[in-house]
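# An overview of the molecular structure
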Amino acid sequence: MVVGGCGFLDGPADDRMNAPVVAGFSIAWAAVQLTVGTFFLLAYTVRRRELEYFLFSLVCFGMAVTNGGLAAAAAIHGLDHWETTMKVVHLGAITATAANVHFVLQFVAPTYVR
């Protein structure tokens, strides 16, 4: 039996994960990352000496955007908005990667970051 309308895979219901569950987990994880990112951003604003807090908050915000895009990709029906959700996913992943490189450089070679 073929059941349609769940993402871009339209096959038997037993052969795929439940898209609303995957979207829910991705949204929940994005909410956790937003919370952690907000905490570290607030910690940075209180103590301006710790650049690592700011960089880690940027990593968390980038990963939250990535997970939000993945949640949208799991929740869409068909291929109409697939390109837009993948742009959001890639934007978040690239942002998180760039912030993570700076975060790591802060520990390995702090003189190059400041």
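Look above for the structure.
Scope of this entry: the structure provided in the associated data block. Just so it is clear, the model here is predicted, and its values are computed rather than measured.

## Re the overall build of the protein chain
Helices and strands together make up the secondary structure of the protein chain, namely four helices and zero strands. Ordered by position from the N terminus, the helices and strands of the protein chain form the series α-α-α-α. Buried residues in the protein chain amount to 31% of all 114 residues. A total accessible area of about 7,500 Å² is found for the protein chain, and carbon and sulfur atoms account for 71% of it.

## Thoughts on a nonpolar patch on the surface
A cluster of nonpolar side chains, namely Val65, Val88 and Leu91, defines an oily patch on the protein surface of about 230 Å² accessible area. Secondary-structure assignment places valine 88 in helix H3 (residues 82–108).

## A closer look at the pattern of salt bridges
Tallied over the full model, the rule gives one salt bridge. Here glutamate 83 ties to lysine 87 by a salt bridge, and the two come within 3.5 Å at their closest N and O atoms. Taken together, the residues glutamate 83 and lysine 87, both in helix H3 and four residues apart, mark about one turn of the helix. Just as glutamate 83 is exposed, lysine 87 falls in that class too.

## Considering the environment of threonine 84
By the element assignment, threonine 84 lies in helix H3. Classification of threonine 84 by relative accessible area gives partly exposed; the value is 49%. When the C-alpha positions of threonine 84 and glycine 69 are compared, they lie 8.7 Å apart, and in sequence the two are 15 residues distant.

## Remarks on the packing of aromatic side chains
Across all of its chains, the model carries six aromatic pairs by this definition. Ring centres of phenylalanine 39 and phenylalanine 40 lie 5.2 Å apart, and the angle between their planes is 80°; this geometry places the pair in the edge-to-face category. Among the residues examined, phenylalanine 39 registers a relative accessible area of 53% and is labelled exposed. The class for phenylalanine 40 is partly exposed, based on a relative accessible area of 22%. On the basis of an interplanar angle of 55° and a centroid distance of 5.7 Å, the ring pair of phenylalanine 40 and tyrosine 53 is categorised as tilted.

The rules we used
Residues numbered from 1 in each chain as written. Predicted model: local features only at pLDDT ≥ 70, side-chain atom pairs only at ≥ 80, totals over all residues. Heavy atoms only, no water. Helix = DSSP H or I, 4+ residues; strand = E, 2+ residues; numbered from the N terminus. Buried < 20%, exposed > 50% of the residue type's maximum accessible area, 1.4 Å probe, protein only. Areas by Shrake-Rupley, 256 points an atom, 1.4 Å probe, with all protein chains shown as cover. Patch = residues over 30% accessible without salt bridge, like charges linked within 9 Å, V, L, I, M, F, W, Y side chains within 5 Å. Salt bridge = Lys/Arg side-chain N within 4 Å of Asp/Glu carboxyl O. Phe/Tyr/Trp six-rings, centres within 6.5 Å; stacked < 30°, edge-to-face > 60°.

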